[in-house]
Amino acid sequence: MTQKPKPLHSIKVEGPIPAHLARSVIEETLRSAILDGRLPCGTALRQQDLADLFGVSRMPVREALRQLEAQELLSVTTHKGAVVAPLIQGDAAETYELRILLESEALRQSIPLLTEAEHQLAAGYIDELEAQHDYNEIGRLNRLFHMALYSKAPNQRLLRLVEDGLNEEERFLRFNLEAMGLGKLSQDDHRAMLRAVIQRDIPRSLEMLEQHLNRGVEVITRYLATPAAQKRHTAR
């Protein structure tokens, strides 16, 4: 009888990990594996299995899992312990309403402090998105574009919350863009938002961001209501 492959087997650990780096190495390794799908939604991550894999005690594993739970990449259940969280948790409209609030404030704080270097970085991500056909890369570049515009917001806790939301969207886009049949994605929203940011027009920038995110939630909500999407996400 053929054994079902275990998701942890997809994670490669090279050499012993220094004790002072253990928590961060485990966190980043698991985070990457969750984002790229090597650890699918619903995968249970047991502390002892992870400690054996990374060659460490359970303490740094526990700390790493706590960080990933705070980023909403993991959820903790009574019987399974830490489990890879589903894509776009809960109601998509509610998720995007919260993102609009958080990202609008991050953008408002960041705009006056952005330099030409950040403007050029964001423009470069738009150019890459225009040329990109790899759905994994589209999700990553979308996150990087937005974070380039929010990066100078002085409220670091706000930035962490914003990035958590973008990470959740990135995971969703990686596994659903092709099924959504969107084809080549227009970058008009991104370009309009960047123009307003460069002009330091905060009201216009916030208006463009809200329009952009509302357009996103409309597309995702329509997709999630289709029988194909419901079957796909139930399977996960």
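Up top is the structure.
Worth saying up front: this structure is predicted, and the values here are computed from it rather than measured.

Student: Looking at this structure, how should I read unusual backbone geometry?
Tutor: Peptide bonds are mostly trans, and most non-glycine residues show a negative phi. Positive phi is not limited to glycine here, since arginine 200 has a value of about 55°. Note that arginine 200 resides in the loop between helix H8 (188-198) and helix H9 (202-224). The partly exposed category is assigned to arginine 200, whose relative accessible area is 42%.

Student: I would appreciate a short explanation of the packing of aromatic side chains in the present structure.
Tutor: Here the distance between the centres and the angle between the planes together describe a pair of aromatic rings. Tallying each qualifying case throughout the model produces zero aromatic pairs. We note arginine 99 situated over the ring of tyrosine 96; from NZ or CZ to the ring centre the distance is 4.9 Å.

Student: What is the right way to look at the sheet that holds strand S2 (residues 74-77) in this model?
Tutor: Strand pairing in a sheet takes place through backbone hydrogen bonds and is either antiparallel or parallel in direction. Taken in spatial order, the three strands make up an open sheet running S1-S3-S2, and their pairing is antiparallel. Every interior strand has two partners, whereas the edge strands, strand S1 (44-45) and S2, have only one. By the bridge criterion, four bridges tie S2 to strand S3 (residues 81-84) in an arrangement that is antiparallel. Following the sheet pairing, valine 76 is matched in S3 by alanine 82. Contacts from helix H3 (residues 58-70) reach S1, S2 and S3, with the element oriented near 110° to S2.

Student: Would you take a moment to explain the pattern of salt bridges for this structure?
Tutor: Any two side chains of opposite charge can pair, on the condition that their charged atoms come close. Summed over all chains, the structure comprises twelve salt bridges. Here arginine 23 ties to glutamate 27 by a salt bridge, and the two come within 2.3 Å at their closest N and O atoms. Of the two residues, arginine 23 and glutamate 27 are both situated in helix H1 (residues 22-35); the distance of four residues between them amounts to about one turn of the helix. Three or more residues are tied together by salt bridges with common partners; here these are Arg99, Glu103 and Glu169.

Student: When you look at the side chain of glutamine 187 in this model, what are you seeing that I'm missing?
Tutor: Along the polypeptide, glutamine 187 turns up in the loop between helix H7 (156-180) and H8. Judged by relative accessible area, glutamine 187 falls into the buried class, the value being 4%. Within the structure, glutamine 187 has its side chain in polar contact with the side chain of histidine 190 (distance 2.7 Å). Contacts of glutamine 187, omitting those with residues within four sequence positions, involve Ile126, Leu129 and Glu130.

Student: Any chance you could explain the nonpolar core here in plain terms?
Tutor: Grouped burial of nonpolar side chains is what soluble globular proteins tend to show. Counting residues in hydrophobic clusters, the biggest one holds 36 residues, and the most contacted among them are Leu107, Phe145, Leu149, Tyr150, Val162, Met193 and Val197. Counting only elements with at least two residues in this core, the list comes to helix H4 (92-110), helix H5 (116-131), helix H6 (135-150), H7, H8 and H9. Considering each element in turn, this core owes the most residues, eight residues, to H6. Those residues in contact with valine 162 that lie beyond four places of it in its chain are Leu102, Glu103, Ala106, Met147 and Tyr150.

Cut-offs applied
- Residues numbered from 1 in each chain as written.
- Predicted model: local features only at pLDDT ≥ 70, side-chain atom pairs only at ≥ 80, totals over all residues.
- Heavy atoms only, no water.
- Helix = DSSP H or I, 4+ residues; strand = E, 2+ residues; numbered from the N terminus.
- Buried < 20%, exposed > 50% of the residue type's maximum accessible area, 1.4 Å probe, protein only.
- Phe/Tyr/Trp six-rings, centres within 6.5 Å; stacked < 30°, edge-to-face > 60°.
- Lys NZ or Arg CZ within 6 Å of the ring centre and 35° of its normal.
- Pairing = 2+ DSSP bridges.
- Contact = heavy atoms within 4.5 Å.
- Axes fitted to C-alpha atoms, helices over the stretch in contact; angles between N-to-C directions.
- Salt bridge = Lys/Arg side-chain N within 4 Å of Asp/Glu carboxyl O.
- Polar contact = N/O pair within 3.5 Å; in protein donor to acceptor, adjacent residues only side chain to side chain.
- Core = buried A, V, L, I, M, F, W, Y, C linked by side-chain atoms within 4.5 Å.

Shape descriptors only; they carry no functional weight alone.
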